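Listed below, chain by chain, are the residues.
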Amino acid sequence: QDNQVAPFGVYKTKDSSIALAIGNNNMWLKLANFMTQSIPFDQEKFHTNQLRLMHADELTILIDKVFSQWTTADLEKQLMILGIPGTSVKSIADV
């Protein structure tokens, strides 16, 4: 996690992990709208970066719940379509 931007970090998927960096509110709105298709949640609680930082632990749990429904490859494609920076986390063996 980052102490200035949220969400920012590595999150669990169905089969591995994905790194995600949400740098502004427009990206957050895209991600939030995508996530509410799987798990409805109170978007107002995370409306600004400051609120997301205040509730970072809860946000991480929420993202992990949504992302764990997706394979990394499928989620990576979906994030790309939405214009959200995210990429699979590779081990040395994967490289």
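Residues numbered from 1 in each chain as written. Predicted model: local features only at pLDDT ≥ 70, side-chain atom pairs only at ≥ 80, totals over all residues. Heavy atoms only, no water.

A. Representation of the overall build of the chain in the model. A tally of regular secondary structure across the chain gives 4 helices and 3 strands. Secondary structure of the chain in N-to-C order comes out as β-β-α-α-α-α-β. Computed over the C-alpha atoms, the radius of gyration of the chain is 13 Å, within 12% of the 12 Å expected from 2.2 N^0.38 for a compact globule of 95 residues. Dimensions of the chain, computed from C-alpha atoms along their principal axes, come out at roughly 40 × 25 × 20 Å. Taking all 95 residues of the chain together, the buried fraction comes to 32%. Across the chain, contacts joining residues at least 24 apart in sequence account for 63% of those joining residues at least 6 apart. Put simply, the chain shows about 5600 Å² of open surface, and 55% of that area lies on carbon and sulfur atoms. For the chain, the distance from the average site of its 8 positive side-chain charges to the average site of its 10 negative ones is 3 Å. (Helix = DSSP H or I, 4+ residues; strand = E, 2+ residues; numbered from the N terminus. Rg over C-alpha atoms; globule rule 2.2 N^0.38 Å. Buried < 20%, exposed > 50% of the residue type's maximum accessible area, 1.4 Å probe, protein only. Contact = heavy atoms within 4.5 Å. Areas by Shrake-Rupley, 256 points an atom, 1.4 Å probe, with all protein chains shown as cover. Lys, Arg positive; Asp, Glu negative; His and termini not counted. Charge placed at Lys NZ, Arg CZ, Asp CG, Glu CD.)

B. The arrangement of the packing of aromatic side chains in detail. Evaluated as defined, the whole model comprises 5 aromatic pairs. Between Phe 34 and Trp 70, the aromatic rings sit 5.3 Å apart at their centres with planes inclined by 50 degrees, giving tilted as the arrangement. Taken together, the residues span a long stretch of sequence, with Phe 34 in helix 1 (residues 25–36) and Trp 70 in the loop between helix 3 (56–67) and helix 4 (72–82) at a distance of 36 residues. Clustering of aromatic rings is evident, with ring pairs tying together Trp 28, Phe 41 and Phe 46. (Phe/Tyr/Trp six-rings, centres within 6.5 Å; stacked < 30°, edge-to-face > 60°.)

C. Region of the structure containing the environment of His 55. Mapped onto the fold, His 55 is located in the loop between helix 2 (49–54) and helix 3. Residue His 55 is classed as partly exposed on the basis of its relative accessible area of 22%. A sequence separation of 49 residues divides His 55 from Ala 6, and the C-alpha atoms of the two residues are 9.2 Å apart. Ignoring any residue separated from it by four or fewer positions in sequence, one finds His 55 in contact with Lys 45 and Phe 46.

D. Geometry of the sheet that holds strand 2 (residues 17–21). A sheet is described by the order of its strands in space; here 3 strands give the open sequence 1-2-3, paired in antiparallel fashion. The sheet terminates laterally at strand 1 (8–12) and strand 3 (86–88), the two strands that pair on one side only. Between one strand and the next, the sheet's axes are offset by a mean angle of 25 degrees, whatever the strand orientation. Sheet topology places strand 2 next to strand 3; 3 bridges connect them, and they run antiparallel. By the bridge assignment, Ile 18 is partnered in strand 3 with Ser 88. Running at roughly 45 degrees to strand 1, helix 3 makes contact with strand 1 and strand 2 of the sheet. (Pairing = 2+ DSSP bridges. Axes fitted to C-alpha atoms, helices over the stretch in contact; angles between N-to-C directions.)

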